[in-house]
Every structure is written in structure tokens, then in C-alpha cells.
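Structure assessment
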Amino acid sequence: MSSSVRTLITPMTTQTSERAQDWAGRFSERMSRVRASEIRELLKLLDQPDILSFAGGIPDPGLFPAQEIQKGYDAILADPVLSRQALQYSVSEGYLPLRQWIAERMTRDGMPCGPDNIMLTAGSQQALDLIGKLFLTKGDTVMVARPTYLGALQAFNGYEPAYLDLPETALSQGVDEAALMAGRAPRPLGYFVPDFANPTGVSLTLAEREALLAMADRLDMTLVEDAAYRELRFAGEATPTVLGLDITRSGGIDNARTLFLGTLSKTLSPALRIGWVCGPKAVIEKLVLLKQGADLHVSTINQMVAHRAVTEGYDQHLHRLRGAYGAKARVMLAALERTMPKGVTWSHPEGGMFVWIDLPEGIDGAALLARAIEEERVAFVPGAPFFAENQTPNAIRLSYSLPTDAQIEEGVQRLARLIGKAINA
Ligand code: PMP
């Protein structure tokens, strides 16, 4: 990382008084695993107007259904009965009509379940934390993809697991499971993003999902299926969810070993903080106890507003989102095709927000970011932080969700020029 970028992320020195407390010596042992991500700190500073950024993997604010949401708040607050309920405490499981809507929708998507199988969470990020709390004792094994969602690693880190990151071909070509598990705590927790993963944009095929379940059976592994981007498919055909396949073979959701995480963050608005866990009742009951201890419940009024929004024109809204993200993805893929030098390869997402770029060996994504900012005023996220164990430094993540078509064209051109220079250096 260049010195000027480094100065950007070096905290300012402050004068320490002689009476300063020794906080570091008082924090719990688990805090040794909880660290600020250098990359996230750096990305915060990239909000400069002349930088073309492919870094932020967040929804396009132009697609937020602001009017629908405003109508929801207005209607609820104007109603004397609804407003009393909406501004009051509510049950930790979540607002029943919203859980019913989720259960019906998941049932239609091949995952027959009822509202008792569902608990609302403050985004799916909270579900990751509560699942870590429920399942992980220090030293337990967490199996993840290589690479995986950085936020899941951050959530699980506080519970001090040992990660096992699965080789890329393990699900398609098989792997020596005994060797993989040697010396590790048995009965792992497996975390996967089967649809349009963050950070790669890649989905698991049906055969890979079946292989994952078969492996879970052999290892007695609890699976977490993070479906944050599932509703954002803009090409190809939907693949059954891991939970759906699990329910089919196990005979019902209460016999399943998979916990499914959904969210309205990518489709409605992340600020509402509405996500959910769907799984066997025996697990949901325990999660409800943890949710109670953490924050009692998701904002009552937000759940009621979200329920109104999803029961009125949600599918048309999704149609619009898919069209918009699909169009941007096609612009990015075409620009990459046109401009990227030989030796650079990338994923071809059918949904979600991300393209993953594999650079030739020897080109470090973090070093490239420093140069990209300085020389080309273009930004992205280096690949390395997305790996739990075996880091691949020569990869980067691009997101097409925020920039305009023209910005995507220009940004990819700048990036290709820079990568070309790096290859020839
Ligand atoms: N899972 C994945 C794969 C994500 O990309 C994100 C958002 N970055 C989340 C979970 C968390 O989203 P939320 O808490 O807003 O539902």
C-alpha cells in the first residue's frame, strides 16, 4: 500500500494523559479476534467525487421504494389502533403477519415452512451473530467457501472458531474429507452463499448443493444458507435452495439441518434492518431467547411498514430491480470483455451485485488498489480479506450496483489500463 494511502488510514495520534485507563488489558479474550478491517477503513475514505468506485456493494438508492415506504409510515401512524401497536414493544419472534408472508413466500420457493419456523432479525447480519452465539464454542470448526462473505467472518470471529475454507473444487469434484477434518473439532458449522455470492457473484450448481448436503450428512454439519441475493436473479433459471433440497430429503423443515437467512436489505432497503432466519423450530426457539437478550425485537414499526410494502406490488418492484441490476451487469461484463488484457479472468454473475476478477499471479489486489486510487482514480475491494484461511492476493471484487452505465464503462477502462501496466511492469 502506498505511503499516501497509508497516511489516510493511520489514526491521528492523540495525547495520552497519565491517567488513561488500560482498556486493552481489560477487554475479553475474544476481542483478540475482533479487529477493524483495514479495507473497510480505507473504503470509508473513498467517498471523493472524482473517484469512480466499484467498491461499495450496496443497493442503488435510486431504486429504493421511498414513496411506498412513506405511505406505509403515514398510514400506520395515522391509524389510532395501528399506531399504538407500531410504537410499542413487540414479540422477539417478529411481527406475525410478516412471518406469515415470509413463510408463504418461502413455501412457494420450494421450502415448505410455517411462521413458527421463522424469526425476524436486525438484518441477516444479526442472524449470523446469533447463530455464532448459539452454535460456536471456542475452537469449533466453521467451514466456509474460499472466498466468503467478510461480514460472516466478522460475526463469527467473536466466538473464536477455527476456520476451514473449502477448496474451490471440493463440491464439484469431491475432496478427502478425512484429511480436511484431521485435527479439527468435529460437527462443523458450514456457512455458504449459494446464490450470487458476495464477493464472487458465483452460484452453486444443483449438483454442488446436493454434494454440500451429502457432505453435511457425513460430517454431521449444521448448514447456514445465506440467501441475501437470491431474489436478485436477472439471468438463467432458479436453482432449488439448499434448505429446499434438505426439506425434501429429510421429510420436513423440523428434520432439516439447514438454517436459511433471508433479508429485505437488498430488495427494499437495508436501513429498515429486516432479515430473518428460517429453520427447525427447536433452533428458532433458542435463537428467540438470544434475540431477547440482544435487543428484544426488530423495530415494530419497521416490520409493519415492511409488511405493507411487501404485500403491495413487491413482485413488480423486484422485476424493476432485476432489470436495473441486470442491465448494469451486462454493461460491466461487456466492458471487461472489450478492455481487459490477456491473463485476466472474471466471473459471469446471473444475479446479485458482484463480479470477481482473478488477476495474473504476482499482482496483489491491495497494492493495485493503492495505485488505482492514485493513478487512475478508480476503486474496488481487494480480494484477500474475503478469505478465512488461504488468501489469494491476486483477486479483486467489483460491484456494479452503484455506478451509472457511463461510469462503469469509464471505470473499467481505467482499471484495464492499470492492470495492463501492472502486467507489463
Ligand atoms: N449476507 C451477505 C452475503 C451480504 O452481502 C450482506 C450485506 N452486505 C449481509 C448478509 C448482511 O445484510 P443485512 O444485515 O443488511 O441483511
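Residues numbered from 1 in each chain as written. Predicted model: local features only at pLDDT ≥ 70, side-chain atom pairs only at ≥ 80, totals over all residues.

Identification of the protein chain as Aminotransferase class I family protein from Caulobacter vibrioides is taken from an unreviewed UniProt entry. Word for word, the UniProt comment on the protein chain under Subunit (unreviewed entry) is "Homodimer." UniProt annotates the protein chain under Sequence similarities (unreviewed entry) with the comment "Belongs to the class-I pyridoxal-phosphate-dependent aminotransferase family." (UniProt positions renumbered as here; feature names shortened; annotations may be inferred.)

**Concerning the overall build of the protein chain**
From N to C terminus, the protein chain includes 16 helices and 13 strands. Counting only C-alpha atoms and orienting by the principal axes, one finds that the protein chain spans roughly 65 × 60 × 55 Å. Of all intrachain contacts in the protein chain linking residues separated by at least 6 positions in sequence, the fraction that spans at least 24 positions is 77%. (Helix = DSSP H or I, 4+ residues; strand = E, 2+ residues; numbered from the N terminus. Contact = placed C-beta atoms within 7 Å.)

**Overview of the environment of Met-340**
Relative to the elements of secondary structure, Met-340 occurs in the loop between helix 14 (314–339) and strand 9 (345–346). For the pair formed by Met-340 and Gln-413, sequence separation is 73 residues and the distance between their alpha carbons is 8.0 Å. Look past the residues within four positions of Met-340 in its chain and what remains in contact with it is Ala-416 and Ile-419.

**Here we look at helix 16 (residues 405–424)**
Its 20 residues place the ends of helix 16 29 Å apart at the C-alpha level, agreeing with the 28 Å of an ideal helix rising 1.5 Å per residue. Looking only at helix 16, the buried set comprises Ile-408, Gly-411, Val-412, Leu-415 and Ile-419. Seen end-on, helix 16 carries its buried residues on one side only, within an arc spanning 100 degrees. For helix 16, the exposed residues set more than 90 degrees away from the buried face come down to Ala-406 and Asn-424. Along its buried surface, helix 16 packs onto strand 1 (52–53), helix 14, helix 15 (365–376) and strand 11 (378–379). (Expected span 1.5 Å × (residues − 1). Buried ≥ 20, exposed ≤ 12 C-beta atoms within 10 Å, placed from the backbone. Arc of directions from axis to C-beta.)

**Observations concerning the sheet that holds strand 2 (residues 118–121)**
One open sheet accounts for seven strands, arranged 2-8-7-6-5-3-4; its pairing is mixed. One side of each edge strand has no neighbouring strand; the edge strands of this open sheet are strand 2 and strand 4 (162–165). Averaged over all neighbouring strand pairs, the angle between strand axes comes to 20 degrees, with direction disregarded. Pairing of strand 3 (residues 141–144) with strand 4 involves four bridges; the strand directions are parallel. The partner of Val-142 across the bridge, within strand 4, is Tyr-163. Contacts from helix 5 (residues 96–108) reach strand 2, strand 7 (258–263) and strand 8 (275–278), with the element oriented near 115 degrees to strand 2. (Pairing = 2+ DSSP bridges. Axes fitted to C-alpha atoms, helices over the stretch in contact; angles between N-to-C directions.)

**Quick word on the site of the ligand**
Taken together, the neighbourhood of the ligand is formed by 14 residues, with Gly-123, Gln-125, Asn-198, Thr-263 and Ser-265 sitting nearest. For the shell around the ligand, the leading source of residues is helix 6 (residues 123–135), giving three residues. Here the shell around the ligand is built from residues that sort into four nonpolar, nine polar and one charged. (Near = placed C-beta within 6 Å. Nonpolar A, V, L, I, M, F, W, Y, C, P; charged D, E, K, R; others polar.)

**Quick word on helix 5**
Taking 1.5 Å per residue, 13 residues should reach 18 Å; helix 5 reaches 18 Å between its end C-alpha atoms and fits that length. The set of residues buried in helix 5 consists of Leu-98, Arg-99, Ile-102, Ala-103 and Met-106. For helix 5, the buried positions fall inside an angular range of 140 degrees around the axis, keeping them on one side. Elements that come into contact with the buried residues of helix 5 comprise strand 2, strand 7, strand 8 and helix 13 (300–311). Of the residues one or two after helix 5, Gly-110 is the one with positive phi, at around 85 degrees.

**Observations concerning the sheet that holds strand 12 (residues 381–382)**
Spatial ordering of the open sheet is given by 9-10-13-12, a layout of four strands whose pairing is antiparallel. In the strand order of this sheet, the two ends are held by strand 9 and strand 12, each with one partner. Taken together, the two bridges between strand 9 and strand 10 (residues 354–358) define a ladder with antiparallel strand orientation. Each bridged residue has a counterpart across the sheet, and for Thr-345 the counterpart in strand 10 is Asp-358.

**Observations regarding the nonpolar core**
Buried together is how nonpolar side chains tend to be arranged in soluble globular proteins. Membership of the largest hydrophobic core comes to 112 residues, with the highest contact counts inside it found for Val-277, Cys-278, Ala-306, Met-332, Phe-380 and Leu-398. Composition of this core by domain shows at least three residues from each of domain 1 (33–62 + 314–422) and domain 2 (65–311). Residue contacts for Met-332: discarding those within four places in its chain leaves Val-355, Leu-398, Tyr-400, Ile-408 and Val-412. (Core = buried A, V, L, I, M, F, W, Y, C linked by C-beta atoms within 7 Å. Domains from an automatic or database assignment.)

**With respect to the environment of His-297**
Note that His-297 resides in the loop between helix 12 (281–295) and helix 13. Spatially, the C-alpha atoms of His-297 and Gly-94 are 6.6 Å apart, while their sequence positions differ by 203 residues. Sequence-distant contacts of His-297, defined by excluding residues within four places in its chain, comprise Tyr-89, Ser-90, Val-91, Ser-92 and Gly-94.

**Here's the deal with the packing of helix 5 against helix 13**
Across the interface, helix 5 lies against helix 13 with an axial gap of 9 Å and an inter-helix angle of 40 degrees. On the basis of their axis angle, the class for helix 5 and helix 13 is oblique. In this structure, the crossing between helix 5 and helix 13 has a hand that is left-handed. Counted together, Pro-97, Leu-98 and Trp-101 of helix 5 and Gln-303, Ala-306, His-307, Val-310 and Thr-311 of helix 13 form the full contact between these two elements. Residues that form the contact of helix 5 with helix 13 fall into these classes: five nonpolar, three polar and no charged. (Parallel < 35°, antiparallel > 145°, perpendicular 65-115°, else oblique. Left-handed = near helix turned anticlockwise from the far one by under 90°.)

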